[in-house]
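In case you want the letters, here they are:
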Amino acid sequence: MSIRAVRRQVEQAALAISLLVLATGLSMRAFGLADAATGTFTAGTFLGIALSAWWVAEAALHRRLGVDIIALLALGGALVVNEQFAGAVITVMLTTGRSLEGWAAGRAERELHALLQRAPKVAHRYIGDDLTDPPLDDIIIGDRLLVQPGEVVPVDGTVFRGPAVVDESALTGESLPVQRDIGDEVRGGAVNAGGPFDLLATTSAADSTYAGIVRLVSEASASSSPFVRTADRYASWFLAITFVVAGGAWWWSATLDRAVAVLVVATPCPLILAAPVAIVAGLSRAAERGVIVKGGAALEALAIGDVLLFDKTGTLTNGRPTVDEAITAPDFADVADLMGLDVLGLAASLDQVSPHVLASAIVRSARGRNLQLVMPTETTEVPGAGVRGMINGHVVTVGNAEWTGATGVEPWVIASRQRTDLDGALTVFVGVDGRPAGALVLRDPIRHDAARTIRSLRRSGIRRVVMVTGDRAAVAVTVGRMIGVDQIDADQSPADKVAVVRRENANGRTIMVGDGINDAPALALATVGVAIGARGSTASSETADIVLTVDRLDRLGDARLIAARSRLIGVQSVVLGMVLSLAAMGVAAAGLLPAAAGALLQEVIDVAAILSALRALRPGRGEERMDDATTTLAHRFTAEHLELRPNVSVIRDAAGLLGEGSGEAATAMVAVHRAYRLLVDVIEPHEQEEDRDFYPMVASMLGGTDPTGTMSRTHIEISRLTAHIGAAIEQIGDDLPNAEQTSELQRLLYGLYAILELHFAQEDEHYLSLADTAPD
């Protein structure tokens, strides 16, 4: 049992005894046993003296001026002036205050303790065909484990046999279970909410995500908060004021009774208790949202910081490249039909055997689109060039342009390179039988919640936002403009990042956000360092003052709101309690408040201050979240967006083919028909369901007058343009379009493509990212 637990048990026992003594004395007085009642009250007073002396000595050992000295003097004074009943009431007041402090601290820390209590306890490991139950510390990377229903996942790993349905609420704050398919990552600390599944361990128990969170939680306390230390200093001043008022009342009235009454109501408890309770409540609320704050000082620094610095890769962007677009060479469409695989399917099939980081991104994107892949044969890989193999009897190559047979002078190659250069994207070429078949455009997409988070942080008091990255300037500028930063520092080494933080430290209180090993020095130098720990490095997580244990940037905005609100509530609670205490001291000094009544009033003041501080446990304005039903819909439409967005390029490609002249008119019309079917059969139904099912729920949560009205108007415009495209196709019929019809179709297709791209981005940023988590 911990020292804190023993202390709380002693305090609870003291409370029970003091209440029993007071009740016994009152009963004796009621039955006319005055002397016995006085003796009982005296015993209660001595209990209070013993407890106060203990607490004063304990404070002295820590080199603090124990404010319990006021209670000790009040108890001694009560005996001197024969106010034994008041002394017994003061003892109850003291023990109640201590128990109330313990209850408040426990209430404030409940989310932190909940994380510790959910630690994995068992593991089942396969040894051949046998199943064993080894200690958690014996689990090593590569072990195949069985996770039974209801058990906590013991280590990080990937699903080996599944699927797995897991409850990640302890890690992410997300209340709904999520499904992880074979090959998907599952983090230690999640609870198996479905049937049994096999897990392939990728970490040991000590290095798992949950173990890291537990280590971080153990560091969280309010003891180092500057605000709490300031409150302690004010409590010392309060002692001096108390002695002056009590002495003055004694001198003016020439009676010790008034001095004792002043001492009884002099309660520095609002200063001692309210500040740390509010801060610890903030730590607990942040932990509930998946943000571990390493102490009250870090929470307060987050609340008052005014200069924000972001790393780019993995912080403002997802940190994992994805296939944004598949470009098919003009003369490859027929070959693709014969092979049964499109450009992405060919590249992903071949890249299944490649260890390259972009290969895994291509395979992941193909599987996300539910493409059926083929296992290649006779594969070879040349570093710096690409990979080659046989697929369905054809030689397929994936890599740079020269490796795949592209000369670089083909119009579609030039166009794709120009587009990717402007966007800071990467191009991977695909070839079949020595001829270029197409290209894949890969981007590290900006987080959907990045721009919204930065706007939210600006509203909360951030006056300057700086992006500092090791990436090249062209890419950094593109990202910086899209999310709205004030300054971009690109091509920065770790030493350069430290210099940037040092420069900005001169401008204000800095908050540095990063996720990689190269960010660790900068995180340590900033006023407060924030690490995105869901996929970030151990070094950055251990160096940072705050760790986001979920892979969501908007939780930083949540944490800042919580920090600011906790600090404000702490100040309000201290002011409330001190004003009430000073007023009571004045009334007691005037002789209008006897010691016994003053003891009861002091207890009321303590309770009021602590209950005020506990308001920090409740969500404040701006912390609204979707309910489970709305979150489920948000996940569904997010998944549909992920599937739809790559296909939207079909609309732009059709418009581009229309502009290549009459020689490609037939091919262009095939593409136009395909784009129209996508609009009518897939996109329009998706938009209609959003407008009917999802938007009303979001509007109800956001409040105000028709907050989703502009987005609904965009749905109408999408439907209108789709109808115009359908009318144009019907007018052309089986013929080829003339110049005017071609121009009109191009205008409609390009316009609709731009609207859809903007609309999807707006929905992702404003509505869908409000859900607690996004599906993988």
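Residues numbered from 1 in each chain as written. Predicted model: local features only at pLDDT ≥ 70, side-chain atom pairs only at ≥ 80, totals over all residues. Heavy atoms only, no water.

Description of the packing of helix H11 (residues 296-304) against helix H22 (residues 554-589)
Pairs of packed helices are described in terms of their axes, by the angle between the two and the distance that separates them.
Here comes step 1: Running from amino to carboxyl end, H11 crosses H22 at an angle of 100°, the nearest separation of the two axes being 8 Å. Between H11 and H22, the crossing angle belongs to the class labelled roughly perpendicular. Along its contact with H11, which presents Leu-299, Glu-300, Leu-302, Ala-303 and Ile-304, the element H22 presents Leu-556, Ala-559, Arg-560, Ala-563, Ala-564, Ser-566 and Arg-567.
Here comes step 2: Considering only residue class, the contact of H11 with H22 consists of eight nonpolar, one polar and three charged. (Axes fitted to C-alpha atoms, helices over the stretch in contact; angles between N-to-C directions. Helix = DSSP H or I, 4+ residues; strand = E, 2+ residues; numbered from the N terminus. Parallel < 35°, antiparallel > 145°, perpendicular 65-115°, else oblique. Contact = heavy atoms within 4.5 Å. Nonpolar A, V, L, I, M, F, W, Y, C, P; charged D, E, K, R; others polar.)

Some details on the sheet that holds strand S15 (residues 394-399)
Here comes step 1: Pairing within the open sheet is antiparallel, and its six strands lie in the order S12-S17-S16-S15-S14-S13. The sheet terminates laterally at strand S12 (322-328) and strand S13 (377-382), the two strands that pair on one side only. For this sheet, the mean inter-axis angle between neighbouring strands, taken without regard to orientation, is 20°.
Here comes step 2: Sheet topology places S12 next to strand S17 (residues 435-443); six bridges connect them, and they run antiparallel. Residue pairing for S17: Thr-328 is matched across the bridge by Gly-438.
Here comes step 3: Helix H13 (residues 343-351) contacts S12, S13, strand S14 (386-391), S15, strand S16 (426-432) and S17 of the sheet and is inclined by roughly 100° relative to S14. (Pairing = 2+ DSSP bridges.)

Some remarks on unusual backbone geometry
Here comes step 1: Backbone geometry at Asn-392 places phi at a positive 55°, although glycine is not the residue there.
Here comes step 2: Take Asn-392: it is sitting in the loop between S14 and S15.
Here comes step 3: At Asp-433, a residue that is not glycine, the phi angle is positive and equals roughly 55°.
Here comes step 4: Looking at where Asp-433 falls in the secondary structure, it is placed in the loop between S16 and S17.
Here comes step 5: Looking at Asp-433, the relative accessible area reads 43%, which means it is partly exposed. (Buried < 20%, exposed > 50% of the residue type's maximum accessible area, 1.4 Å probe, protein only.)

A short note on the nonpolar core
Here comes step 1: One finds Ile-90, Leu-94 and Val-264 to be the most contacted residues of the largest nonpolar core, which totals 49 residues.
Here comes step 2: Discounting residues that sit within four places of it in the chain, Val-264 has contacts with Ala-74, Ile-90, Met-93, Ala-595, Gly-598, Ala-599 and Gln-602.
Here comes step 3: Membership of the second largest hydrophobic core comes to 36 residues, among which are Val-291, Leu-302, Ala-303 and Leu-457. (Core = buried A, V, L, I, M, F, W, Y, C linked by side-chain atoms within 4.5 Å.)

Remarks on the confidence of the model for the protein chain
Here comes step 1: Across the protein chain, the average pLDDT comes to 80, with 84% of residues at or above 70.
Here comes step 2: Of the regions scoring below 50 in pLDDT, residues 220-224 engages in 18 contacts with residues more than four places distant in sequence or in other chains. (pLDDT = per-residue confidence, 0-100.)

Observations concerning the sheet that holds strand S8 (residues 191-192)
Here comes step 1: With antiparallel pairing, three strands are arranged side by side in an open sheet as S6-S5-S8. In this open sheet, the two edge strands, each paired with only one partner strand, are strand S6 (178-180) and S8.
Here comes step 2: Here strand S5 (residues 164-167) runs beside S6; their pairing, made up of three bridges, is antiparallel. Bridge pairing links Ala-164 to Arg-180 in S6.

Considerations on the environment of Ala-668
Here comes step 1: With respect to the helices and strands, Ala-668 occurs in helix H26 (residues 665-702).
Here comes step 2: For Ala-668, a relative accessible area of 0% puts it in the buried group.
Here comes step 3: Here the alpha-carbon distance between Ala-668 and Asp-653, two residues 15 residues apart in the chain, equals 8.8 Å.
Here comes step 4: Not counting chain neighbours up to four residues away, the residues in contact with Ala-668 comprise Leu-657 and Leu-658.

Some thoughts on the packing of aromatic side chains
Here comes step 1: Applying the stated criterion across every chain yields a total of three aromatic pairs.
Here comes step 2: With a centroid separation of 5.2 Å and 65° between ring planes, the pair formed by Phe-41 and Phe-85 is classed as edge-to-face. On the criterion of sequence distance, the pair formed by Phe-41 in helix H2 (residues 34-61) and Phe-85 in helix H4 (residues 84-108) is long-range, its members being 44 residues apart.
Here comes step 3: Ring centres of Trp-251 and Trp-252 lie 6.2 Å apart, and the angle between their planes is 50°; on these two criteria the pair is classed as tilted. (Phe/Tyr/Trp six-rings, centres within 6.5 Å; stacked < 30°, edge-to-face > 60°.)

A short note on empty space enclosed by the protein
Here comes step 1: Per the counting criterion, the structure on display carries one cavity of 30 Å³ or more.
Here comes step 2: The volume enclosed by the largest cavity comes to roughly 30 Å³.
Here comes step 3: Taken together, Val-10, Glu-11, Ala-14, Leu-51, Trp-54, Trp-55, Thr-95 and Arg-98 make up the lining of the largest cavity.
Here comes step 4: Secondary structure elements with two or more residues in the lining of the largest cavity: helix H1 (3-30), H2 and H4.
Here comes step 5: Its residues assigned to classes, the lining of the largest cavity comprises five nonpolar, one polar and two charged. (1 Å grid on protein atoms, 1.4 Å probe; cavity = no way out; pocket = protein on both sides within 12 Å on 5 of 7 lines; lining within 4 Å. Points joined across faces, edges and corners; volume = space filled by probe spheres on them.)

Side note on the side chain of Arg-464
Here comes step 1: The residue Arg-464 is located in strand S18 (residues 464-468) in this model.
Here comes step 2: Only 2.8 Å separates the side chain of Arg-464 from the side chain of Glu-504, close enough to count as a polar contact.
Here comes step 3: Beyond its immediate stretch of four places on either side in the chain, Arg-464 contacts Asp-306, Val-307, Leu-308, Asp-486, Gln-487, Arg-503, Glu-504 and Asn-507. (Polar contact = N/O pair within 3.5 Å; in protein donor to acceptor, adjacent residues only side chain to side chain.)

Digging into the pattern of salt bridges
Here comes step 1: A complete count under the given rule lists 20 salt bridges for this structure.
Here comes step 2: Between Arg-285 and Glu-288 there is a salt bridge, with its nearest N and O atoms 3.3 Å apart. On the criterion of helical spacing, the pair formed by Arg-285 and Glu-288 is a turn pair, its members being three residues apart in helix H10 (residues 269-288).
Here comes step 3: The class of Arg-285 is buried, set by a relative accessible area of 6%.
Here comes step 4: Several salt bridges converge on common partners, so that one network encompasses Arg-464, Asp-489, Arg-503 and Glu-504. (Salt bridge = Lys/Arg side-chain N within 4 Å of Asp/Glu carboxyl O.)

Section: the environment of Val-122
Here comes step 1: Within the secondary structure layout, Val-122 lies in the loop between helix H5 (110-117) and strand S1 (124-127).
Here comes step 2: Not counting residues up to four positions away in its chain, the partners in contact with Val-122 are Leu-136, Glu-151 and Pro-154.

Looking at the environment of His-124
Here comes step 1: Within the fold, His-124 resides in strand S1.
Here comes step 2: Look at His-124 and you get buried, because its relative accessible area is 12%.
Here comes step 3: Residues His-124 and Gln-148, 24 residues apart in the sequence, show an inter-C-alpha distance of 8.6 Å.
Here comes step 4: Each residue touching His-124, except ones within four places of it in the same chain, is listed here: Leu-131, Thr-132, Asp-133, Arg-144, Leu-145, Leu-146, Gln-148 and Glu-151.
Here comes step 5: A polar contact is formed between the side chain of His-124 and the side chain of Asp-133, at a distance of 2.6 Å.

Considerations on the pairing of strand S11 (residues 307-310)
Here comes step 1: The alternating pattern of S11 places Val-307 and Leu-309 on one face and Leu-308 and Phe-310 on the opposite face, and all of these are buried.
Here comes step 2: Taken together, the four bridges between S11 and S18 define a ladder with parallel strand orientation. Paired with Phe-310 across the bridge in S18 is Met-467.
Here comes step 3: Pairing analysis gives four bridges linking S11 to strand S20 (residues 510-514), with the strands arranged parallel. Following the sheet pairing, Val-307 is matched in S20 by Thr-510.

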